Amino acid sequence: TVWPNTGCFSEVAYSQSTGQKEQLSRCLQRGIRRVQDLCKVLQLPRVFEETAVSYFQRALQHPSFHLVSLEKKELLGGCCVFVTCRQHNWPVTMGTICSLLYAKQELFASVYLSLQKELGLSVPALSLADLVKTHLNSFRLFQHASDVPAPFVEDKDKMIARTMQIVELASETWLVTGRHPVPIVTAAAFLSWQSLQPASRLTCTLGRFCKLAGVDLPPPAHLRLKELLEILLRMASQLAWLRVFNMDKKTVVKHIGDLLQNRIFLLKNAFCLEDREEQCAAAPGEDSPGVGSPGFPLATGGAAQEEGCPSEGKRQREGSPRPLLPPCLINPRKRLRTAAPNASDSAITGDEPISDSEIEQYLRGPDEIRAFRKAKAWP
Amino acid sequence: SQFKDDLPTSPQLFPPMSPYDVDLPIQTTEDVLFGSQFNQPKELPADFSVDLSFLPDITQYNKEQNRSEDGHETQKELDGSVSRNEDSGIFMDGSSSSCPDTTQPSPEASGVCPPLTPMTPMTPVTPASESSGIVPQLQNIVSTVNLACKLDLKNIALHARNAEYNPKRFAAVIMRIREPRTTALIFSSGKMVCTGAKSEEQSRLAARKYARVVQKLGFPAKFLDFKIQNMVGSCDVRFPIRLEGLVLTHQQFSSYEPELFPGLIYRMVKPRIVLLIFVSGKVVLTGAKERSEIYEAFENIYPILKGFKKAS
């Protein structure tokens, strides 16, 4: 055996002698491999992989992520991939990444928000239009199968196109902002599918549709469907030849095609939009439905007028126009607290005298203490 | 001259604040911008003899003790608390510049304690004509105070009606009082957190009441380093907001993830406030140490939101 020269022991740092530095980069290597694997599974372009890996390396060097648990480091890789996709407008939801990583969404969310904050990353909003295409890719209704009735099979491109239009309509009518994106796409896909062959599909429920399509039915989808139908019904009330029918949420589906074709005109008339007199007084639909004033932008960053729609001097229409507002403003939930500060509250200085009696109301009497002690079996 | 000055290409306006920057010769820009008067405690000369006559509650407590109207007080407790109070530390209220030398009237005589200078004006300073005309309402104040004595939490939970203590779940007593309606977390170290008040003054009053409860339970509680840690306000701009548009134009400050949360999280740099902006037009502002930061943050965001409204 060769004994080492004891003289050099004092000079060697622990990290050098134990390969601690190599260990750190092994962790990094593992993380990078995971990021690359994730990109491959999602079939992302090559450049995404490079970006995601560089984010991951930057993040791991950052003090907030350097020493987090392994579990979080795994999620960090997923977050970097997610951010990269979003920055390239590649539609992927957090739900997708979480399921691929078997991650809890809350933990993923916290790591993601930290990453965004610490690295100062700007992440554009998810593009719903792109999400429609990727989401519909997972639907099973585009090919004949033994468990799918023949009239239920649909052409993919037609369905994508119509679903996109319905999603756009939802976005214009405030049904999308602040809401989870997937249920909107699910509800829109259902309506679009039904409307393409209403005769045989009107009896199919949303639940059954999702089951046949092989997708999950997210709980909010029912509400989104209801909201969409309400919008469509109001629009239908502006088409003269439809007013003779008593439209309900089943029958309106048959006319979704027409409604979508004229949606700009119909929205203008069905709802009180901006501050223009002419649009609220416009004579609806007695001309051919193709006539609509070229759409003035409805949805570009604008907000609906909060004042009530002027209804004097207008013919009574079925379903008089309501303001175009987010559902939370149309059906405001009951206020839980009035919370207006009253005068006496504002006069508090913080130095008020505190009476003994006020404090004593919070103290237990001797009998109470005895009883409490017995109940709790404390010494 | 042939020697060129080596100037940095981007002058650093915001020197990074590391925890190790103890000796900063000049006030950094960040201090000026985020300038909270509560960050730096006022320095007092070393020979400052503690004159506590300007501390209304402790003085009053002494006087009440002497009156012995309360049969529960023991002599020992009286002596103990009196001597403690004389040693009690500097009452840090951030605005304690005013009082020490003036003779204050006895609190029990007037029944009213001379108010310390309010920390900030109750109403915003900006005139309504220039501003939004909307005043955010304070919804929650979080403050901390040091009672400066070790506490027996089990004992407190046993003797106080308004206390909750589940050591397996959380290592503090949760205590509540009705007026001001607040909750306190009381730790065995003697540190206390007070939440739920609607104003700085209410938070301080509440914290004092909790300290009183603890005192009445027999602990030599003081009231040191009271500090407002966070203020939350809210208001309504009264028109709906296209959050997806806002995140587009203000990407560097905004985070909008409807998959996670319906509101847009806007991290304002000056003042350093976080705003939660919702489609309904409701706005929540948090992270303030002074209420002026809340008002200023709202005045900054309002034109941005309004600008959105008119776009078409």
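Just so it is clear, the model here is predicted, and its values are computed rather than measured.

Caption draft 1: Expanded view of the overall build of chain A. Each helix and strand counted, chain A has 21 helices and two strands in total. Counting all 379 residues of chain A, 45% fall into the buried class. Taking as baseline every contact in chain A between residues at least 6 positions apart, the subset at least 24 positions apart corresponds to 70%. Counting every atom, chain A has about 20,400 Å² of accessible surface; 54% of that belongs to carbon and sulfur.

Caption draft 2: Inspection of the nonpolar core at higher detail. Counting 65 residues, the largest nonpolar core has Leu-151, Met-175, Leu-275, Ile-277, Leu-285 and Leu-305 of chain B as the members making the most contacts within it. When residues of this core are sorted by domain, at least three fall in each of domain 1 (143-228) and domain 2 (237-311) of chain B. If near-sequence neighbours (up to four positions away) are discounted, Ile-277 of chain B is found in contact with Ile-241, Leu-243, Leu-246, Gly-263, Leu-264, Tyr-266, Lys-282, Val-283, Ile-301 and Leu-305 of chain B. With 60 residues, the next largest nonpolar core counts Leu-136, Ile-160, Val-176 and Leu-266 of chain A among its residues.

Caption draft 3: Region of interest: the environment of Val-213 of chain B. Tracing the backbone shows Val-213 of chain B in helix α6 (residues 200-216). Residue Val-213 of chain B is classed as buried on the basis of its relative accessible area, which comes to 0%. Taking the C-alpha atoms as reference points, Val-213 of chain B and Ile-156 of chain B, separated by 57 residues in sequence, lie 9.3 Å from one another. Aside from chain neighbours lying at most four places away, what touches Val-213 of chain B is Ile-359, Tyr-362 and Leu-363 of chain A together with Met-175 of chain B.

Caption draft 4: Summary view of a positive patch on the surface. Residues and elements named next belong to chain A. Taken together, the side chains of Arg-26, Arg-30, Arg-33 and Arg-34 make up a positively charged region of the molecular surface. Its location among the elements puts Arg-30 in helix α2 (residues 20-41). Arg-30 gets classed as partly exposed once you look at its relative accessible area, which sits at 40%.

Caption draft 5: Layout of the packing of aromatic side chains. Under the defined criterion, the tally for this structure stands at 13 aromatic pairs over all chains. Measuring from centroid to centroid gives 4.8 Å for Trp-193 of chain A and Phe-209 of chain A, while their planes differ by 45°, and the two rings are tilted. Placement of Trp-193 of chain A in helix α10 (residues 181-196) and of Phe-209 of chain A in helix α12 (residues 206-213) is noted, with a sequence separation of 16 residues between them. When sorted by exposure, Trp-193 of chain A lands in the same class as Phe-209 of chain A, which is buried. Consider the rings of Phe-298 of chain B and Tyr-302 of chain B, whose centres lie 5.7 Å apart with planes at 45°: the pair is tilted. Here Phe-298 of chain B and its partner Tyr-302 of chain B are both found in helix α8 (residues 291-310), four residues apart, which amounts to about one turn of the helix. Its relative accessible area of 14% is what places Tyr-302 of chain B among the buried residues. Grouping aromatic residues by their ring pairs yields a cluster made of Phe-139, Phe-152, Phe-190, Trp-193 and Phe-209 of chain A.

Caption draft 6: Representation of the pairing of strand β6 (residues 224-236) of chain B. All names here are of chain B. Direction of pairing for strand β1 (residues 137-146) relative to β6: antiparallel, over a ladder of eight bridges. Its bridge partner lying in β6, Leu-138 is registered against Gly-233. Bridging between β6 and strand β10 (residues 282-288) involves six bridges; their strand directions are antiparallel. Within β10, the residue paired with Ser-234 across the bridge is Val-284.

Caption draft 7: Broad picture of the sheet that holds strand β8 (residues 264-268) of chain B. Residues and elements named next belong to chain B. Read across the sheet, ten strands follow the order β2-β3-β4-β5-β1-β6-β10-β9-β8-β7 without closing on themselves; strand pairing throughout is antiparallel. Looking at the sheet topology across the chains shown, the edges are occupied by β2 (163-164) and β7 (254-256). Relative to β10, strand β9 (residues 273-277) runs antiparallel, the two sharing four bridges. Bridge pairing links Leu-275 to Leu-285 in β10. Sitting on the sheet, α6 touches β1, β3 (172-177), β4 (182-187), β5 (191-197) and β6, and the angle it makes with β5 is about 135°.

Caption draft 8: Looking closely at the pairing of β9 of chain B. Residue and element names in this part refer to chain B. Residues Ile-273, Leu-275 and Ile-277 line the buried face of β9, whereas the alternating positions Val-274 and Leu-276 sit on a face that is not buried. Remark: four residues form the turn of the hairpin made by β8 and β9, two consecutive strands paired antiparallel. Between β9 and β10, which pair antiparallel one after the other, the connecting turn spans four residues, and Gly-281 there sits at a positive phi close to 95°.

Caption draft 9: Layout of unusual backbone geometry. Backbone torsion omega between Glu-179 of chain B and Pro-180 of chain B reads -5°, so that peptide bond is classified as cis. Along the polypeptide, Pro-180 of chain B turns up in the loop between β3 and β4. Along the chain, Lys-270 of chain B connects to Pro-271 of chain B via a cis peptide bond; the corresponding omega equals -5°. Along the chain, the position of Pro-271 of chain B falls in the loop between β8 and β9. The phi dihedral of Asn-89 of chain A falls on the positive side, at around 55°, and the residue is not glycine. Of note in the backbone geometry, Asp-225 of chain B takes a positive phi value of approximately 55° without being a glycine. Along the chain, the position of Asp-225 of chain B falls in strand β6. A residue is classified by how much of its surface remains accessible, and Asp-225 of chain B, at 40% relative accessible area, is partly exposed.

Basis of the calculations
- Residues numbered from 1 in each chain as written.
- Chains lettered and ligands numbered in written order.
- Predicted model: local features only at pLDDT ≥ 70, side-chain atom pairs only at ≥ 80, totals over all residues.
- Heavy atoms only, no water.
- Helix = DSSP H or I, 4+ residues; strand = E, 2+ residues; numbered from the N terminus.
- Buried < 20%, exposed > 50% of the residue type's maximum accessible area, 1.4 Å probe, protein only.
- Contact = heavy atoms within 4.5 Å.
- Areas by Shrake-Rupley, 256 points an atom, 1.4 Å probe, with all protein chains shown as cover.
- Core = buried A, V, L, I, M, F, W, Y, C linked by side-chain atoms within 4.5 Å.
- Domains from an automatic or database assignment.
- Patch = residues over 30% accessible without salt bridge, like charges linked within 9 Å, V, L, I, M, F, W, Y side chains within 5 Å.
- Salt bridge = Lys/Arg side-chain N within 4 Å of Asp/Glu carboxyl O.
- Lys, Arg positive; Asp, Glu negative; His and termini not counted.
- Charge placed at Lys NZ, Arg CZ, Asp CG, Glu CD.
- Phe/Tyr/Trp six-rings, centres within 6.5 Å; stacked < 30°, edge-to-face > 60°.
- Pairing = 2+ DSSP bridges.
- Axes fitted to C-alpha atoms, helices over the stretch in contact; angles between N-to-C directions.

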